Structure formats: C-alpha cells, structure tokens
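Below are the chains, spelled out letter by letter.
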Amino acid sequence: NVLKEELKETNLAEWNIPDGGYFINVKLQPQMAQRVYELCKICGVKITPAGSTFPYGIDVEDRYIRLAPTYPRKEDLQLAMEVFAVAIKLAWREKDKCE
C-alpha cells in the first residue's frame, strides 16, 4: 500500500504483489537500485542488496531490488516501506540532476 500511495503518479518503479509468498520484486528506472539501497542503509533500513537476484549480484541496468521482509512488526514494515519509497524519490532526483 505504501508503494502504491507514494509512487502512484510516477513511473519510477514497478513491483509485484506477492501471491502466496512474501518477496516483492521492485523494478526501478535504470541506474537507481544501488543508490536506493545505499539511502535505505543510511536510514537504518536493511534491504536485500541491489542486484542480488542476478548471477554474481551484477545487474547491468542497476534497476532491480528484491524486498524480503523477515518477521517484521506491522509498524516497522510500514516505516521501512516509507523510507524505501522516499529513497526511490531521492535517488531519482539525484539522477535527474546529474543528467
């Protein structure tokens, strides 16, 4: 719900809604995943490293992150997803300014 609310009118990310599992695969705009990972880490939100679903962890487009919540409290998950959404927006702004 957080991703839908925070990113609904952007094209910054696409994600799956888990059906029977709990992994959320997020596809970002190119060259953003590593920065989103770093921003989350700075804020104390530990997520799966960018590109970890690729062989040797190499995502040449730097756009994929897999979220794998492990027994979080609902309140903690809510806050973590808010940080993740803000990290996506910030990474986009940084990227946009560099282009």
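Residues numbered from 1 in each chain as written. Predicted model: local features only at pLDDT ≥ 70, side-chain atom pairs only at ≥ 80, totals over all residues. Heavy atoms only, no water.

Student: Run through the side chain of Gln29, naming residues and quoting values.
Tutor: Inspection of the secondary structure puts Gln29 in the loop between β2 (24-28) and α2 (33-42). Of the polar contacts made by the side chain of Gln29, one reaches the backbone oxygen of Asn11; its length is 2.5 Å. For Gln29, the residues in contact, after removing those within four places along its chain, are Asn11, Leu12, Asp62, Arg63 and Trp92. (Helix = DSSP H or I, 4+ residues; strand = E, 2+ residues; numbered from the N terminus. Polar contact = N/O pair within 3.5 Å; in protein donor to acceptor, adjacent residues only side chain to side chain. Contact = heavy atoms within 4.5 Å.)

Student: With reference to specific residues and values, describe the pattern of salt bridges.
Tutor: Considering all chains together, one arrives at seven salt bridges under this definition. With a closest N to O distance of 3.4 Å, Glu38 and Arg35 form a salt bridge. Of this pair, Glu38 and Arg35 both sit in helix α2, three residues apart, which is roughly one turn of that helix. Looking at Arg35, the relative accessible area reads 27%, which means it is partly exposed. Two residues, Arg73 and Glu75, come together in a salt bridge whose shortest N-O distance is 3.9 Å. With relative accessibility at 53%, the residue Arg73 sits in the exposed group. Where salt bridges share partners, they join Arg35, Glu38 and Glu94 into one cluster. (Salt bridge = Lys/Arg side-chain N within 4 Å of Asp/Glu carboxyl O. Buried < 20%, exposed > 50% of the residue type's maximum accessible area, 1.4 Å probe, protein only.)

Student: Explain the packing of α2 against helix α3 (residues 74-98) to me, and be specific about the residues and the numbers.
Tutor: Taken N-terminus to C-terminus, the directions of α2 and α3 make an angle of 130 degrees; their axes are 9 Å apart at the nearest point. Here α3 runs oblique to α2, going by the angle between their axes. The chirality of how α2 crosses α3 is right-handed. Where α2 approaches α3, its residues Arg35, Val36, Leu39 and Cys40 are matched on the opposing element by Val83, Phe84, Ala87, Ile88, Leu90, Ala91 and Glu94. (Axes fitted to C-alpha atoms, helices over the stretch in contact; angles between N-to-C directions. Parallel < 35°, antiparallel > 145°, perpendicular 65-115°, else oblique. Left-handed = near helix turned anticlockwise from the far one by under 90°.)

Student: Residues and numbers for the pairing of β2, please.
Tutor: Residues of β2 alternate between two faces, with Ile24, Val26 and Leu28 buried on one and Asn25 and Lys27 left unburied on the opposite face. As judged from the three bridges shared by strand β1 (residues 13-15) and β2, these two strands associate in the antiparallel manner. Each bridged residue has a counterpart across the sheet, and for Trp15 the counterpart in β2 is Val26. The pairing of β2 with strand β3 (residues 64-67) spans four bridges and is antiparallel. Across the sheet, residue Lys27 finds its bridge partner in β3, namely Tyr64. (Pairing = 2+ DSSP bridges.)

Student: Would you mind going over the nonpolar core in detail, with residue names and values included?
Tutor: Leu28, Val36, Ile65, Phe84 and Ile88 are the most contacted members of the largest nonpolar core, which has 26 residues in total. Elements that contribute at least two residues to this core include exactly α1 (2-7), β2, α2, β3 and α3. The contacts of Ile88, once residues within four sequence positions are left out, are Leu7, Leu12, Ala13, Leu28, Met32 and Val36. (Core = buried A, V, L, I, M, F, W, Y, C linked by side-chain atoms within 4.5 Å.)

Student: Lay out a nonpolar patch on the surface with the relevant residues and their values.
Tutor: A grouping of Tyr56, Ile58 and Val60 is seen on the molecular surface, where their side chains present a nonpolar patch of about 440 Å² in accessible area. Take Val60: its relative accessible area is 73%, and that puts it in the exposed class. (Patch = residues over 30% accessible without salt bridge, like charges linked within 9 Å, V, L, I, M, F, W, Y side chains within 5 Å. Areas by Shrake-Rupley, 256 points an atom, 1.4 Å probe, with all protein chains shown as cover.)

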